[in-house]
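Geometric and topological summary
Chain by chain, the residues run as shown.
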There are 2 protein chains.
Amino acid sequence: MEAITKVKSDIEIAQESTMKPIVEIARKIGLEENDLELYGKYKAKLSNEALAKIKTKESGKIILVTSINPTPAGEGKSTVTVGLGDAFTQLGKKAMIAMREPSLGPTMGIKGGATGGGYAQVLPMEDINLHFTGDLHAITTANNALAALIDNHLQQGNELRIDQRRIVWKRAVDLNDRALRKVIIGLGGPLQGVPREDGFDITVASEIMAVLCLAKDIKDLKLRLSRMVVAYNDKKEPVTVGDLGVEGALTLLLKDAVKPNLVQTIEHTPALIHGGPFANIAHGCNSVIATIAASKLADYVITEGGFGADLGAEKFLHIKSRSAGIKPEAVVVVATIRALKMHGGVQKSELVKENIAALTLGFANLQKHIETIKSFGIPVVVAINKFITDTDLEVKTLLDWCKLEDVPVALTEVWEKGGEGGIELAEKLLTVIEKEQNQFHPLYELSDSIEKKVITIVQQVYGGKNVEFSSKAKKQLLEFEQFGWSNLPVCMAKTQYSLSDDPAKLGRPMDFTITVREFKPSIGAGFIVALTGDVMTMPGLPKKPAALKMDVDENGNALGLF
Amino acid sequence: MEAITKVKSDIEIAQESTMKPIVEIARKIGLEENDLELYGKYKAKLSNEALAKIKTKESGKIILVTSINPTPAGEGKSTVTVGLGDAFTQLGKKAMIAMREPSLGPTMGIKGGATGGGYAQVLPMEDINLHFTGDLHAITTANNALAALIDNHLQQGNELRIDQRRIVWKRAVDLNDRALRKVIIGLGGPLQGVPREDGFDITVASEIMAVLCLAKDIKDLKLRLSRMVVAYNDKKEPVTVGDLGVEGALTLLLKDAVKPNLVQTIEHTPALIHGGPFANIAHGCNSVIATIAASKLADYVITEGGFGADLGAEKFLHIKSRSAGIKPEAVVVVATIRALKMHGGVQKSELVKENIAALTLGFANLQKHIETIKSFGIPVVVAINKFITDTDLEVKTLLDWCKLEDVPVALTEVWEKGGEGGIELAEKLLTVIEKEQNQFHPLYELSDSIEKKVITIVQQVYGGKNVEFSSKAKKQLLEFEQFGWSNLPVCMAKTQYSLSDDPAKLGRPMDFTITVREFKPSIGAGFIVALTGDVMTMPGLPKKPAALKMDVDENGNALGLF
């Protein structure tokens, strides 16, 4: 166990690494300094001119990284994504990474960044995990400017006859702040606004985040913003941003946030980190603009979806791919021995002990995700993210099982070894992409009814039996039909911990029913969210928030961040 | 009148101008690319290393630009500040401008930026007026992270025994949003926080903005943040950021915001635009770090105070100068014929007509401010910011009056002509600085009681007779004595429109009494705010907000911003 105690923290490894000037990184992918808008020496946005210039280039191959249902044991999906990019680079391939940008709220709440780990990190991790290039601040500002304009509309005569009880646009902060979940605003008399119930979401839950991530360009961004439904009027008809006439102002506030951010890994592989919507009430992938830009600049793009394959990959394939006109050439499903043992019934405190029986039981969860990806017609490779406590027998058992299931598998040790630890995975992917036929197809058609879309996902992706729609949900579907929203894809808001809607059901639950209690239309983003169970859109802080350890020295260097 | 209709808008002039790369601008003041953290091609922050490097250099001369009491006619103080910098440059002097950065709220509310006007502007005006380098977003985030940490402390057992009715720390948004002035938060049951009254200020009213602007370096910033009082406990003792143990996290969030931003004027004069606290409940000047940096990099630094000389200049001299250990070599008092006529009783709609009688009556306002600056022992020059509607006789009358008063005066036409229109003013300043003795001294001592400080300002700066303290204010002074806060300077929160506390009393009111209804301790910033009348810390939006005209074209260019 001695090795464990010697392990360096992510921030120590990051701060000991030497970054190259971002201009140099850009040159590796054919971009000049003039194509960049620098944010310091190591971060840059791609200019609109650069994005226009590369538009007509041929597209590289996209590889999607997803995982089994997450457990408290940790799977390391982002770490594998980063390490895999470095592995491709080590193999002499022109590779790029396209990832989500982190939210500040969780950073200050519970220790843990979102920029990979160990020797598979994107840099500068302190900046990326704090304000980065200000994208989330721009989204927060646009979100709250819209809210202020709605309340001002009420105050100034309410020409659109907005029903103040039916305003669905909430305010946002990029923080964990439970006291803002339910609030009453507009108190203090007639000069201080119209009193009404309101609430704050964390910024990544704002529809504007989803809109920014699905927009193809600035024109599409403005169009999507104008379609966002903010309230209903006294006839219960939707009132949109376009009705308020402020889509131009919102787009202006987002004109720089919509440009993807270029950074590098510890091993200097270029990475675009851009956009980060929730994977429950939104689609959980980095921006379309970044993924497409990466595919124009590199031959291999490694990107990821949020949570496990049942949420992140399903949404990547049904929502993002469809909207952007892209398709992944292969999907990596990340698993760890530890997490599989938890899916097999082991408690977190018992994970250090070898347990072949539990591991074998846990395979069922991995199996379902492999089946799902295959049902989309895409080749799949399993990545076992190795931990120091995994025993040889456990590893052998898993490898044997994969062989039996006829699925390619690779051990990865990217946390410890960087790209070198992902070479095997990269090589397996290259083989699979070359050999296997990619016959990507969605599991449902947009012309299917909303009910049918939900049922398809529940049965074919979750392995469930049935879907129950609450009476409220049924009533909403009739309204949506009337508003012309039925052709939109569905975005499932479900617990990430289980294939079912019960977070306690690990492994591969069977014969379960999913209850859709309500729909939430995200017309700007272009999907209908189906809410199953409670979805937390504003996290709280723990008893001892990570903020208590955060500091900065006299020279401005971040301390205690991770 | 034909000339008026042909006049270009500020944004047209700005977008027709050609900026030089900021690296080139930096070289003019002895900085290399390595000293900068670039934000695109035309904006940069000075690095901590650069700030450390220039620390020991000799200081240039600081010139403070202030004005008569503002009127709806407009005085153009920022425009004169910018044009004066350009004029010094045209005269072959090494000059820099140090100004406040604008708040987004007013930009989206009422048409009008804060980056000068006409041919005397700082660029890129679209960026500076929108997100700029993210300083205000970082301040908003730090402000709201602190609020979330306070509410989380209540939720998690309230170890410090904070009285939830006596939490004085408010939340913030950088927007005009009247519906957030008075709110109730923490609703929804025991898992959603502790219900309590709260409110939002606009970001520039956050004490963190004042703290950032008065901090000398990152160490001083952390110290000031830790001193901020956020609440009182059940024994009515102050609870500070230091008690919560989160000054490190707040400083970390501000580690880049504390670095000054370098931009350029239309004529390529270097300008530091950094920090922008309110001039009523705060001190209304750009950051100490920026002003001192500019004084190390240039021989002449043109800077400004907020509102008129009774607020902005008084606070610059009593709060900022004292705290930073700087002194201005001369003060410019900006006036316009139009505004002086309003002080003489003319309505705005009648301003185009010549009115010598009203103009002469209006001189009284200018006279008081000249007297005040002289009483601080600093040379003063009057700048008449010329408008096209000023008649020759009006101009002559004003010039004659200045001669009679024995105060140097210069006409400026910087809006129309840029630096060339400020040459006369610059030359007068050079003469005054060379000839006149600068015997700068504050009007009160820090050891004076708070009451005495207020009375001194009211009598010597406002020309009032008396001060009445409410019973609440008197009670507070006893508490402050007990908490050891009596040695802090006073920051007056008074209407900017009048020397008195009645905005309708223009010109030079006499024999008036000022009522201090309450004090607000800003212990982190290091001053005690004296509130006279209502002070608006969260503006509202007008019936037709400027946001309705804001837009962006398909190439990402701002439209309809001003």
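Note that the coordinates shown come from a computational prediction; the quantities given were computed from them, not determined experimentally.

Here the focus is the overall build of chain A. On a plain count of helices and strands, chain A comes out with 21 helices and 26 strands. The C-alpha atoms of chain A give a radius of gyration of 23 Å, which matches the 24 Å a tight globule of 562 residues would have. Reported as C-alpha extents along the three principal axes, the dimensions of chain A are approximately 70 × 55 × 50 Å. Per-residue burial for chain A yields a buried fraction of 64% across its 562 residues. Excluding contacts between residues fewer than 6 apart, the proportion of contacts in chain A whose partners are at least 24 apart in sequence is 75%. Of the accessible surface of chain A, which amounts to about 20200 Å², a share of 50% is contributed by carbon and sulfur atoms. A distance of 3 Å separates the average location of the 66 positive side-chain charges in chain A from that of its 69 negative side-chain charges.

For the rest of this paragraph, the subject is the relation of the copies chain A and chain B. Each of the two copies of the chain can be brought onto the other by a rotation about an axis and a shift along it. The transformation that overlays chain A on chain B combines an axial shift of 0.0 Å with a rotation of 180 degrees, and the residual RMSD is 0.0 Å. In symmetry terms, the pair is related by a two-fold rotation axis. By C-alpha distance to the rotation axis, the residue of chain A lying nearest is Y39(A), at 2.2 Å. Here 100% of the contact residues of chain A are again contact residues in chain B; the copies associate through an equivalent surface.

The full count for this structure, using the stated rule, is 62 salt bridges over all chains. K417(A) serves as the salt-bridge partner of E413(A), at 3.3 Å between the closest nitrogen and oxygen. Here E413(A) falls in the partly exposed class, since its relative accessible area comes to 27%. Under the relative-accessibility criterion, K417(A) is labelled partly exposed at 37%. One salt bridge in this structure joins R196(B) and D198(B), with 3.9 Å as the shortest N-O distance. Beyond isolated ion pairs, a larger network of salt bridges with shared partners links E37(A), K255(A), D256(A), K259(A), K43(B) and D127(B).

For sheets, the rule is that strands pair by backbone hydrogen bonds, running either parallel or antiparallel. All names here are of chain A. Here three strands make up an open sheet; going across it, the order is β21-β24-β23 and the pairing mixed. Strands with a single pairing partner mark the edges of an open sheet, and in this sheet they are β21 (490-493) and β23 (518-522). Across the sheet, the mean angle from the axis of one strand to that of its neighbour is 25 degrees, orientation sign disregarded. Running over the sheet, helix α20 (residues 450-461) touches β21, β23 and β24 (527-531) and is turned about 55 degrees from β21. Relative to β23, helix α21 (residues 471-483) is tilted by about 30 degrees, and along the sheet it contacts β23 and β24.

As a further point, take the packing of aromatic side chains. Applying the stated rule across the entire model yields 18 aromatic pairs over all chains. When the centroid spacing of 6.2 Å and the interplanar angle of 25 degrees are considered together, the rings of F469(B) and F519(B) count as stacked. Taken together, the residues span a long stretch of sequence, with F469(B) in strand β20 (residues 466-469) and F519(B) in strand β23 (residues 518-522) at a distance of 50 residues. Among the residues examined, F469(B) registers a relative accessible area of 13% and is labelled buried. The class for F519(B) is buried, based on a relative accessible area of 1%. Across from the ring centre of Y462(A), 4.6 Å away, lies the NZ or CZ of K494(A), which sits over that ring.

Residues and elements named next belong to chain A. The feature "binding site: ATP" (unreviewed entry), as given by UniProt, occupies T71, P72, A73, G74, E75, G76, K77 and S78 in the numbering adopted here. Checked against the element boundaries, A73 lands in the loop between β3 (61-67) and α5 (77-90). Exposure remark for A73: the relative accessible area of 8% places this residue in the buried category. Looking at the element boundaries, K77 is found in helix α5. The exposure class of K77 is buried, given its relative accessible area of 11%. Apart from the residues lying within four places of it in its own chain, the contact partners of K77 are V65, T66, S67, R100, E304, G305, G306, F307 and V334.

Turning next to the pairing of strand β6 (residues 120-123) of chain A. All names here are of chain A. Residues A120 and V122 of β6 are buried on one face, and the alternating residues Q121 and L123, pointing to the opposite face, are buried as well. Sheet topology places strand β5 (residues 116-117) next to β6; two bridges connect them, and they run antiparallel. Paired with G116 across the strands is Q121, a residue of β6. Counting the residues that bridge the hairpin from β5 to β6 gives two residues, and of these G118 lies at a positive phi of roughly 60 degrees.

Another point: the environment of T18(B). Residues and elements named next belong to chain B. Structurally, T18 is set in the loop between α2 (10-16) and α3 (22-28). For T18, a relative accessible area of 63% gives the class exposed. A C-alpha to C-alpha distance of 19 Å links T18 and A87, two positions 69 residues apart in sequence.

Turning to the nonpolar core, a few remarks are in order. In this structure, V454(A), F519(A), V454(B) and F519(B) are the most contacted members of the largest nonpolar core, which totals 328 residues. Contacts of V454(A), omitting those with residues within four sequence positions, involve V467(A), F469(A), V490(A), M492(A), V516(A), F519(A) and A530(A).

Attention now goes to helix α10 (residues 218-227) of chain B. Within α10(B) the residues assigned to the buried category are I218(B), D220(B), L221(B), R224(B), L225(B) and S226(B). The opening residue of α10(B) is D217(B), an N-cap whose side-chain oxygen sits 3.2 Å from the backbone nitrogen of K219(B).

Further remarks concern the interface of chain A and chain B. Think of interface size as the accessible area that goes away when the parts come together; that is how it is often given. Listed per partner, the contact involves 72 residues of chain A and 72 residues of chain B. Taken together, both faces of the contact between chain A and chain B bury some 6000 Å²; the carbon and sulfur share is 62%. At the boundary of chain A and chain B, one finds six salt bridges. Contributions of two or more residues to the side of chain A that touches chain B are made by β1 (36-38), α6 (104-109), α8 (135-155), β8 (171-173), β9 (183-185), α10 (218-227), α12 (247-253) and β25 (551-552) of chain A. The element contributing the most residues to the side of chain A that touches chain B is α8(A), with 10 residues. Of the residues assigned to the side of chain A that touches chain B, the class counts are 35 nonpolar, 20 polar and 17 charged.

It is worth spelling out the environment of L531(B) at this point. Residue and element names in this part refer to chain B. Structurally, the position occupied by L531 is in strand β24 (residues 527-531). Each C-alpha atom, one on L531 and one on T515, is 8.4 Å from the other, the two residues being 16 residues apart in sequence. Residues contacting L531, with those up to four places away along its chain left out, are I281, A493, T515, V516, R517, E518 and K520.

Okay, the packing of α8(A) against helix α9 (residues 207-214) of chain A next. Geometrically, a packed helix pair is captured by the angle between its two axes and the distance between the axes. All names here are of chain A. The contact between α8 and α9 brings their axes to 9 Å, and the two run at 125 degrees. Classified by the angle their axes make, α8 and α9 are oblique. For the pair α8 and α9, the crossing hand works out as right-handed. In contact with L136, I139, A142 and N143 of α8, α9 contributes I208, M209 and L212.

Next up on the list: the sheet that holds strand β12 (residues 229-233) of chain B. Residue and element names in this part refer to chain B. Spatially, three strands are ordered β7-β12-β13 in an open sheet, and the strand pairing comes out antiparallel. One side of each edge strand has no neighbouring strand; the edge strands of this open sheet are β7 (162-167) and β13 (238-240). The mean inter-strand angle of the sheet, taken between neighbouring strand axes irrespective of direction, is 50 degrees. Inspection of the sheet shows β7 paired to β12 by two bridges, in the antiparallel sense. Residue pairing across strands places I162 opposite N233, the latter belonging to β12. Against the sheet, helix α8 (residues 135-155) makes contact with β7 and β12, and its axis sits at roughly 135 degrees relative to β7, the strand it touches most.

This next bit is on α9(A). Helical periodicity: at 3.6 residues per turn, an α-helix aligns residues three or four positions apart in one direction. Residue and element names in this part refer to chain A. For α9, the tally of buried residues reaches eight of eight residues, placing the bulk of the element in the interior. Taken together, the buried positions of α9 are occupied by E207, I208, M209, A210, V211, L212, C213 and L214. Regarding α9, its N-cap is S206, as a side-chain oxygen of that residue lies 3.1 Å from the backbone nitrogen of I208 further along.

Thresholds applied
- Residues numbered from 1 in each chain as written.
- Chains lettered and ligands numbered in written order.
- Predicted model: local features only at pLDDT ≥ 70, side-chain atom pairs only at ≥ 80, totals over all residues.
- Heavy atoms only, no water.
- Helix = DSSP H or I, 4+ residues; strand = E, 2+ residues; numbered from the N terminus.
- Rg over C-alpha atoms; globule rule 2.2 N^0.38 Å.
- Buried < 20%, exposed > 50% of the residue type's maximum accessible area, 1.4 Å probe, protein only.
- Contact = heavy atoms within 4.5 Å.
- Areas by Shrake-Rupley, 256 points an atom, 1.4 Å probe, with all protein chains shown as cover.
- Lys, Arg positive; Asp, Glu negative; His and termini not counted.
- Charge placed at Lys NZ, Arg CZ, Asp CG, Glu CD.
- Least-squares fit on C-alpha atoms with pLDDT ≥ 70 in both.
- Salt bridge = Lys/Arg side-chain N within 4 Å of Asp/Glu carboxyl O.
- Pairing = 2+ DSSP bridges.
- Axes fitted to C-alpha atoms, helices over the stretch in contact; angles between N-to-C directions.
- Phe/Tyr/Trp six-rings, centres within 6.5 Å; stacked < 30°, edge-to-face > 60°.
- Lys NZ or Arg CZ within 6 Å of the ring centre and 35° of its normal.
- UniProt positions renumbered as here; feature names shortened; annotations may be inferred.
- Core = buried A, V, L, I, M, F, W, Y, C linked by side-chain atoms within 4.5 Å.
- Polar contact = N/O pair within 3.5 Å; in protein donor to acceptor, adjacent residues only side chain to side chain.
- Buried area = accessible area lost by both parts, 1.4 Å probe.
- Nonpolar A, V, L, I, M, F, W, Y, C, P; charged D, E, K, R; others polar.
- Parallel < 35°, antiparallel > 145°, perpendicular 65-115°, else oblique.
- Left-handed = near helix turned anticlockwise from the far one by under 90°.

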